[in-house]
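What the coordinates show
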Amino acid sequence: MEIRRTLAGAAPAVPEGAEECWMELDGARMRYLRAGAGQALILLHGLMGYSFSWRFAMPALAPYATVYALDMLGAGFSDRPQIDHSMRATALRVLKFAENLGLTSFDLLGTSRGGAVAMCAAAECLSASSLRVQRLVLVCPVNPYSSHGKLLAPFFGTPAGVALFRAGIRISRTSLLFPYFHARLYADRSRIPPGTLEGYTAPLKIPGLFEHALSIVRTWTSDLRELEALLPKLAPIPTLLMWGSKDPAVYVSSLKPLAKFFPNSETVVFPGVGHLPYEECPKEFNEALIKFLRQGSGARDQGSGPVIYDQRAQQSAF
């Protein structure tokens, strides 16, 4: 236990007004941050991310919702159990988290791989759960219509890929490889907030983070097939789709085919922004998200197509 406190002490300071919490889940301890009051909003980070991703969003969202930012098991400062980390298994743990909190309904936001998990969790609620996802927010979500990663992820599931991945782990811990790949997620690297790299590398003090990532990419292809089959179920859920126009990880071109499954949706595209709009343009991101959350059920512009979010103007993205 003393080791856990020492490691947790290496975590970046929690956002103002938030508190650090822990929950026993599937035989392991999961860390999460909580802030605010009102309708529950659960935030799901992406691959190699954790609750730190939401350091600019949580203070802005707290006046409108009770915000829960998770460190998924295997990531951040949560335990690193050797369990199933496939999309569906992770989604079911998110629902178990909500049940353990005593929630019956909540809003759900997922980014990148967390977006795929959020869609899977929402589909599960519609078919086989007493829980209800009231609104869904997908930020640059991994989806079947973006070509990026479709070949690379399955490669890392092969013996040669595993060997290369583990070699990369050793290099990443001793070189600038991790900072290089992290910086590539931003369209404008001058907008990387101070302390960002230190925040994202802090969990490397706990062994097993890269192995956790490897367990995720092993099921990447099958997860995408399963997600594609689930998408038609999600039509009833009011949804906000948010993207950076220069996302190098999940291409914005996949927005239009994905949006067809969400007739009750709004789309927001941030011009000149990469894969992490909640960090690269946090003010605009928070404004668009809060506007959606305050609308109540139903989206304002059903079927209107993507919209570019700009403080000066809004116009069609395609």
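Residues numbered from 1 in each chain as written. Predicted model: local features only at pLDDT ≥ 70, side-chain atom pairs only at ≥ 80, totals over all residues. Heavy atoms only, no water.

A few words now on the side chain of S86. Structurally, the position occupied by S86 is in the loop between β4 (66-70) and α3 (87-100). Residues contacting S86, with those up to four places away along its chain left out, are R113, T219 and D223. (Helix = DSSP H or I, 4+ residues; strand = E, 2+ residues; numbered from the N terminus. Contact = heavy atoms within 4.5 Å.)

What follows concerns α3. A turn of α-helix holds 3.6 residues, and therefore any two residues three or four places apart point the same way. With 14 residues, α3 extends 20 Å between its outermost C-alpha atoms, agreeing within 8% with the 20 Å of an ideal straight helix rising 1.5 Å per residue. Along α3, the residues that are buried comprise M87, A89, T90, A91, R93, V94, L95, F97 and A98. Positive phi appears at G102, one or two residues downstream of α3, with a value of about 85°. (Expected span 1.5 Å × (residues − 1). Buried < 20%, exposed > 50% of the residue type's maximum accessible area, 1.4 Å probe, protein only.)

So, about empty space enclosed by the protein. Inspection of every chain in the model, using the stated rule, returns three cavities of 30 Å³ or more. Estimated volume of the largest cavity: approximately 170 Å³. Looking at the largest cavity, it is lined by 21 residues, and the ones nearest its centre are H45, M72, T90, R113 and H212. For the lining of the largest cavity, the secondary-structure elements that each account for two or more residues are α3, α4 (113-128) and α9 (209-218). Looking at the second largest cavity, its volume works out to about 70 Å³. Grouping the constituent residues of the lining of the second largest cavity by class yields seven nonpolar, one polar and two charged. (1 Å grid on protein atoms, 1.4 Å probe; cavity = no way out; pocket = protein on both sides within 12 Å on 5 of 7 lines; lining within 4 Å. Points joined across faces, edges and corners; volume = space filled by probe spheres on them. Nonpolar A, V, L, I, M, F, W, Y, C, P; charged D, E, K, R; others polar.)

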